Amino acid sequence: MTQPRLTTFQFVRTRLHLFLVAIRKRLTLGARAVLIDGEKVLLIRHTYLPGWQFPGGGVEPGETAEAAAARETLEEAGYRPEGRAALHGMYLNRLAGGARDHVPLFVWRKFTKQREFTPNAEIAQCQWFDVGRLPADVDPGTARRVAEIVSGGERALEW
């Protein structure tokens, strides 16, 4: 199925509308990745945020959320997710973006290590943890998502 072509007027009007909505509403879209290897989960620690979290970051223009999660995982942890991910859920993250930050969470069980992790200005640590023994300072939302994935229980709507 082909995408309908917009007239020049429709294109300009649509772009202007989206620009004005973005200025007023400031909706942000991030993406996070869960890498699971048996009973282990990969977590990272940022230099600018407290606690252990999943790799992830912002979705760039023209990029799918799944591609952003995979890219961020490679950039932050040195692992390249393989194949299509399972979308675990879409969450409203009030802490990071007020009431406008939305985060899809993707799960991969197949991936390859592309490079050794080296601490840098953004990521201080990268480590595998047993899903049943997460670190004491894990981000609470991250801990809840691990529990959801492991138990297969009900998913929350907010991070």
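Reading the values: rules and limits
In this convention, every chain numbers its residues from 1, walking through the sequence in written order. Local features in this predicted model are restricted to residues of pLDDT 70 or higher, and side-chain atom pairs are both shown and tallied only at a pLDDT of 80 or more, whereas totals for entire chains, interfaces and linings draw on every residue. Hydrogens and water molecules were not included; the side-chain quantities draw on all heavy atoms of the structure. Throughout this description, the term salt bridge denotes a Lys or Arg side-chain nitrogen within 4 Å of a carboxyl oxygen of Asp or Glu. Each helix is a run of H or I in the DSSP string that is no shorter than four residues. Each strand is a run of E no shorter than two, and both are numbered from the N terminus. Whether a residue is buried, partly exposed or exposed follows from its accessible area with a 1.4 Å probe, protein chains only, as a fraction of its type maximum: under 20%, in between, or over 50%, in that order. To qualify as a nonpolar core, a set must consist of buried Ala, Val, Leu, Ile, Met, Phe, Trp, Tyr and Cys residues joined through side-chain atoms within 4.5 Å. We call two residues contacting when some pair of their heavy atoms lies within 4.5 Å. In this analysis, rings of Phe, Tyr and Trp, with Trp reduced to its six-membered ring, are considered paired at centre separations within 6.5 Å, and the interplanar angle assigns stacked below 30 degrees, edge-to-face beyond 60, and tilted for intermediate values.

Asker: Provide a residue-level description of the pattern of salt bridges, including the pertinent values.
Answerer: Taken as a whole and judged by the stated rule, the model has seven salt bridges. Its salt-bridge partner being Arg45, residue Asp137 comes within 2.7 Å of it at the nearest N-O pair. You can see Asp137 sitting in the loop between β9 (123-130) and α4 (140-151) and its partner Arg45 sitting in strand β2 (residues 40-46), a full 92 residues away along the chain. A salt bridge links Arg71 to Glu72, with the nearest nitrogen and oxygen atoms 3.1 Å apart. Judged by its relative accessible area of 22%, Arg71 falls in the partly exposed class. Among the ionic contacts, a cluster of salt bridges with common partners joins Glu63, Arg71, Glu72 and Glu75.

Asker: Quick one: what's the story with the nonpolar core, residue by residue and with numbers?
Answerer: Side chains that are nonpolar tend, in soluble globular proteins, to be buried together. Ranked by internal contacts, the top residues of the largest apolar core, which has 17 residues, are Leu35, Phe106 and Trp108. Put simply, the parts of the chain that give this core at least two residues each are β1 (28-37), β2, α2 (65-77), β7 (101-108) and β9. Among the elements that make up this core, the one with the highest residue count is α2 (five residues). Excluding its chain neighbours within four sequence positions, the residues that come into contact with Trp108 are Ala33, Val34, Leu35, Ile36, Glu66, Ala69, Ala70, Pro81, Glu82, Gly83, Arg84 and Ala85. Membership of the second largest hydrophobic core comes to 15 residues, among which are Ile36, Val41, Leu43 and Phe54.

Asker: Lay out the packing of aromatic side chains in plain terms, naming residues and giving numbers.
Answerer: All chains considered together, the criterion is met by seven aromatic pairs. Seen from their ring centres, Tyr79 and Trp128 are 5.6 Å apart, and the 85° between their planes marks the pair as edge-to-face. Here Tyr79, found in strand β5 (residues 79-81), pairs with Trp128, found in strand β9; they are 49 residues apart in sequence, far enough to count as distant. Classification of Tyr79 as buried rests on a relative accessible area of 10%.

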